[in-house]
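Single-letter residue listing:
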Amino acid sequence: RKPPSRFSAMLLLSAGLLGLARPAAKQRLTGLFGASADPVLACPRDGSALFPERAIYGRTRREARVSAGGVRYPVADGEYVDLLASSGRGDGDGITPGRLAEEVREAFATRTQTQMFRTPVLGFLYERGWRQQFRAAGFPGIEKEYDEVSAFFEPVAAKGRGVVVDMSCGSGLMYRRLLAGRIGGSGRTLACDYSEVMLKETRRRALEQGLAPAALELLRCDVAQLPMRDGAVDAMHAGAALHSWPNLEKGLSEIRRVLRPDGGRFFATTFLRGAYPGTTSATPGQSGGGGGSFRFFESEEELRQLLIAAGFPPDGVSVRREGRGCAIVKAVLGGAAAGGGSTAAAAAPRAAVAGVAAAGMVAAAAAPPSTAAAARPPSASAAASPAPLSASGGAAAAEAAGGDGRSGVVGGAGGAGG
């Protein structure tokens, strides 16, 4: 019997791909293109696993993330994954009048806190003066902030391991630094924001800086409904963000849920009342005052109690004031105190940091190893530039005094008094 020609073989392969071949052959062909569930991301609706989906139609390539329940979340313009619960589409989904009215009400109620960040003008201005004005409130500046963040994350994310999330990433001011410092490791670095404009600006600036496109993981999401698995994140940063979250209490509970229980770390900066002349706090117990205004917190203790109410251990939460009204928040889950070990104040003068390095090394020895991160499969998306993770102030334990306008620390047993 004459063997099939090349043309016949191609017809058989095409028939299999189109579902015309025997079921067993179709199954084998489908298996070639099978994908594993994402070890970190999850459906924001029901928490089920997410799978990557890629389809090619001629010259058009479409990507999405699909939940185990069949809900599809688009990759918008090939730039970021839209993981808002309202962006998912499943069988029978559609825009109903009730759903549309609900989205309009939400947009109006949060018009200051979230909607203003979706305007192209603010995306353009964010690193051209907007973020710089925070210095007047006591924010240390991005380089000092990065030094302190990277030192605080070091026990769970050094050498590029683990999963690090920059929540409310804005234009990627911190994300670009975190990503550049973790290139070459086995971990993942995710940038998350509600604003499509900010995610696009993050991508634009990252590529302009020379970071490889394959290294970028950008997600559109709601902090009050995080699209992540329980305990999947090693460390999370939220810079100048808490005051702008419409549902702060739910957001903090979600962060507590997704952080690994044995040493997960959360670092945030936000505004205290008095940061600028005329600023007042929002109504107690509400995330935002009339019409969705920003929330300026009454005190360091108010922030500390909010984190404790969200499930963080009292001795793992530390809050300190910088300058007139910048609050720096650190929280650690399980076993390590927020103010000890390598959670050092890298924003303190370099000489002071060096003077207490030995004490910091002793304290750092008590921090638990990152066993969960080692067990996770490596991500194919971590890649690109050789810059090492900064360890400035790395093992110092100088959370207390300093000549940089610091007025004190509120914390549990691990937070140094001030």
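Now for a look at the structure at hand.

What counts as what
- Residues numbered from 1 in each chain as written.
- Predicted model: local features only at pLDDT ≥ 70, side-chain atom pairs only at ≥ 80, totals over all residues.
- Heavy atoms only, no water.
- Helix = DSSP H or I, 4+ residues; strand = E, 2+ residues; numbered from the N terminus.
- Buried < 20%, exposed > 50% of the residue type's maximum accessible area, 1.4 Å probe, protein only.
- Contact = heavy atoms within 4.5 Å.
- Areas by Shrake-Rupley, 256 points an atom, 1.4 Å probe, with all protein chains shown as cover.
- Core = buried A, V, L, I, M, F, W, Y, C linked by side-chain atoms within 4.5 Å.
- Arc of directions from axis to C-beta.
- Polar contact = N/O pair within 3.5 Å; in protein donor to acceptor, adjacent residues only side chain to side chain.
- Phe/Tyr/Trp six-rings, centres within 6.5 Å; stacked < 30°, edge-to-face > 60°.
- Axes fitted to C-alpha atoms, helices over the stretch in contact; angles between N-to-C directions.
- Parallel < 35°, antiparallel > 145°, perpendicular 65-115°, else oblique.
- Left-handed = near helix turned anticlockwise from the far one by under 90°.
- Nonpolar A, V, L, I, M, F, W, Y, C, P; charged D, E, K, R; others polar.
- Salt bridge = Lys/Arg side-chain N within 4 Å of Asp/Glu carboxyl O.
- Pairing = 2+ DSSP bridges.

The next thing to look at is the overall build of the protein chain. The number of helices and strands found in the protein chain is 12 helices and 12 strands. Taken across its 418 residues, the protein chain has 50% of its residues classed as buried. Across the protein chain, every contact between residues at least 6 apart in sequence was considered, and the portion connecting residues at least 24 apart equals 70%. Accessible surface, the protein chain as shown: approximately 18,600 Å² in total, 58% of it carbon and sulfur.

The next subject is the nonpolar core. Counting residues in each nonpolar core, the largest one holds 46 residues, and the members touching the most others are Met 167, Leu 242, Trp 245, Phe 266 and Phe 312. Per element, the largest residue contribution to this core is 4 residues, and it comes from helix H8 (residues 248-258). Dropping the residues within four chain positions of it, Phe 312 is found in contact with Leu 252, Ile 255, Arg 256, Leu 259, Phe 266, Leu 307, Val 317, Ala 331 and Leu 333.

Let us look at helix H9 (residues 300-309). All buried positions along H9 are accounted for by Glu 300, Leu 303, Arg 304, Leu 306 and Leu 307. Within H9, the buried residues cover an arc of 160° as seen down the axis, which keeps them to one side. Taking the backbone nitrogen of Glu 301 as reference, a side-chain oxygen 3.4 Å away marks Ser 299 as the first, capping residue of H9. Two residues or fewer past H9, Gly 311 is found with a positive phi of approximately 115°.

Centre-to-centre distance and the angle between the planes together describe a pair of aromatic rings. Under the definition given, this model contains 5 aromatic pairs. Between Phe 152 and Phe 153, the ring centres sit 6.0 Å apart and the planes meet at 40°, which makes this aromatic pair tilted. Across the pair, exposure class does not vary: Phe 152 and Phe 153 are buried alike. Seen from their ring centres, Phe 271 and Phe 296 are 5.4 Å apart, and the 40° between their planes marks the pair as tilted.

Turning next to the environment of Val 163. Residue position: Val 163 is located in strand S5 (residues 163-167). Expressed as a C-alpha distance, the spacing of Val 163 and Asp 234, which sit 71 residues apart in the sequence, is 5.2 Å.

Moving on, we get to the packing of helix H6 (residues 173-182) against helix H7 (residues 196-209). The interhelical angle for the contact between H6 and H7, taken along N-to-C directions, is 45°, at an axis separation of 10 Å. When the axes of H6 and H7 are compared, the pair comes out oblique. The interaxial crossing formed by H6 with H7 has right-handed handedness. Of H7, the residues touching H6 (which contributes Tyr 175, Arg 176 and Ala 180) are Thr 202, Arg 205, Ala 206 and Gln 209. Of the residues assigned to the contact of H6 with H7, the class counts are 3 nonpolar, 2 polar and 2 charged.

Mapped onto the secondary structure, Ser 36 falls in the loop between helix H2 (23-32) and strand S1 (50-57). Take Ser 36: its relative accessible area is 64%, and that puts it in the exposed class. When the C-alpha positions of Ser 36 and Ala 49 are compared, they lie 9.5 Å apart, and in sequence the two are 13 residues distant.

All right, on to H8 then. Buried within H8 are the following residues: Leu 248, Gly 251, Leu 252, Glu 254, Ile 255 and Val 258. In a view along the axis of H8, the buried residues occupy a sector of 160°, so they form one face of it.

As enumerated under the stated definition, the model contains 24 salt bridges in all. The shortest N-O distance in the salt bridge between Glu 63 and Arg 54 comes to 3.5 Å. We classify Arg 54 as exposed; its relative accessible area is 52%. Residues Arg 257 and Glu 254 are paired through a salt bridge, measuring 2.8 Å at the closest nitrogen-oxygen approach. Placement of both Arg 257 and Glu 254 in helix H8 is noted, with a separation of 3 residues, approximately one turn of the helix. The class for Glu 254 is buried, based on a relative accessible area of 8%. Connected through shared salt-bridge partners, Glu 148, Arg 320, Glu 322 and Lys 330 make up one network.

Most of strand S11 (residues 326-332) is tucked away: 7 of the 7 residues are buried. Burial along S11 is two-sided: Cys 326, Ile 328, Lys 330 and Val 332 and Ala 327, Val 329 and Ala 331, pointing in opposite directions, are all buried. Judged from the 7 bridges that link them, strand S9 (residues 265-271) and S11 form a sheet pairing that is antiparallel. Counterpart to Thr 269 in the pairing with S11 is Ile 328. With 6 bridges joining them, strand S10 (residues 317-322) and S11 adopt antiparallel strand pairing. Bridging from a neighbouring strand, Arg 321 pairs with Ala 327 of S11. Connecting the antiparallel pair S10 and S11 is a turn made up of 3 residues, with Gly 323 showing a positive phi of about 60°.

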